[in-house]
Amino acid sequence: MAGKLVVVATPIGNLGDLSARAAATLVTADIVLAEDTRHTGRLLAHVGAGAPQMSLHEHNERERVAEVLARLADGETIALVSDAGTPLVSDPGHRVVVAAIEAGHHVEPVPGPSAVLAALVVAGLPTDRVAFEGFLPRKGSARAKRLEQLAREERTMVVFVAVHRVAADLADLALHLGGDRRASMSRELTKLHEETVRGTLGDLTVAFAAKSRGELTLVIEGAPQMTISPDDADIVAALARLTSRGMSTRDAVDVVSDDRGVSRRRVYELAVGND
């Protein structure tokens, strides 16, 4: 008998958002893979599920793969959940899902709550083309490079924001993308103190300058389509932003050349000429 791995979306706050199908899956599963077994234990108690749990988080996922595959080979039905929302979306589970697929097991989704979609549909920004960015890199050249790439992204962007980094993230996004770029920040979605603040990145930087609480999801307007080649001033400004954050001139030249679609020689000459 073939096993089955079911990827189950769970509430991001309001337990009323758990679908009947998700509840039934948790009740009938042989085992539940949970990011935090204490947190998921409360959800299982809510639906009357008695299945045992196995922890699956970023620190142990690699080691769990073999046991999950063995259970699937024995014909078990395994439910995979995260602490909130849809698993694998900036949450653990990718290695397990890929391993199950490669081993020929059936992998099935039970769709439901998602902070990405919830924040997107109330932002008031275009939803026809969307880029999900997850969390920004914390520091260094990786962060600077990602910010510079986002400055050129023409699709609406959805970014997760850690509450202890909200001020720094908004300040850097405003610097690289422009303080006048339209944006929306949703906090505590589906919970008692849910709120969505809309305006520009500059407005949000001010609004969230003080210490904030709760889960935060940021939606940002895409860049206007470029119809002409960037001018020298734009290239020089981009180089200055990257090098001011510790990126070498060589790496900054590569990033700006790729992002602007202009020759590396032109960017390098501008970099040297403005040293």
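Since the structure is predicted, the reported quantities are computational estimates derived from the model, not experimental observations.

(A) Looking closely at the overall build of the protein. Each helix and strand counted, the protein has 11 helices and 10 strands in total. Along the three orthogonal principal directions, the C-alpha set of the protein runs to about 70 × 40 × 30 Å. Every one of the 275 residues in the protein was classed for burial, and the buried ones make up 45%. Long-range contacts, defined as pairs at least 24 residues apart, comprise 70% of the intrachain contacts of the protein with a sequence gap of at least 6. Working note: accessible area of the protein is about 13800 Å², and carbon and sulfur atoms make up 51% of it.

(B) The packing of aromatic side chains, seen in detail. One pass over the structure, following the stated rule, counts two aromatic pairs. Geometrically, the ring pair formed by Phe 132 and Phe 160 is edge-to-face, given 5.1 Å between the ring centres and 70° between the ring planes. One end of the pair, Phe 132, is in strand S6 (residues 130–135); the other, Phe 160, is in strand S7 (residues 156–161), with 28 residues separating them in the sequence. Among the residues examined, Phe 160 registers a relative accessible area of 11% and is labelled buried. Seen in terms of ring centroids, Phe 135 and Phe 160 are 5.6 Å apart; in terms of plane orientation they differ by 55°. Their pairing is tilted. Taken together, the residues span a long stretch of sequence, with Phe 135 in strand S6 and Phe 160 in strand S7 at a distance of 25 residues. Taken together, the ring pairs connect Phe 132, Phe 135 and Phe 160 into an aromatic cluster.

(C) Seen up close, the sheet that holds strand S3 (residues 53–55). Taken in spatial order, the five strands make up an open sheet running S3-S2-S4-S1-S5, and their pairing is parallel. Pairing within the sheet leaves two strands with one partner each, and these edge strands are S3 and strand S5 (106–110). In this sheet, adjacent strand axes meet at a mean angle of 25° when their direction is disregarded. Sheet analysis places strand S1 (residues 4–8) next to S5, joined by five bridges and oriented parallel. Considered in S5, the bridge of Lys 4 is made with His 106. Against the sheet, helix H2 (residues 37–47) touches strand S2 (31–34), S3 and strand S4 (77–81), its axis set at about 155° to S3.

Rules behind the numbers
- Residues numbered from 1 in each chain as written.
- Predicted model: local features only at pLDDT ≥ 70, side-chain atom pairs only at ≥ 80, totals over all residues.
- Heavy atoms only, no water.
- Helix = DSSP H or I, 4+ residues; strand = E, 2+ residues; numbered from the N terminus.
- Buried < 20%, exposed > 50% of the residue type's maximum accessible area, 1.4 Å probe, protein only.
- Contact = heavy atoms within 4.5 Å.
- Areas by Shrake-Rupley, 256 points an atom, 1.4 Å probe, with all protein chains shown as cover.
- Phe/Tyr/Trp six-rings, centres within 6.5 Å; stacked < 30°, edge-to-face > 60°.
- Pairing = 2+ DSSP bridges.
- Axes fitted to C-alpha atoms, helices over the stretch in contact; angles between N-to-C directions.

Don't take any of this as a statement about function, it's just geometry.
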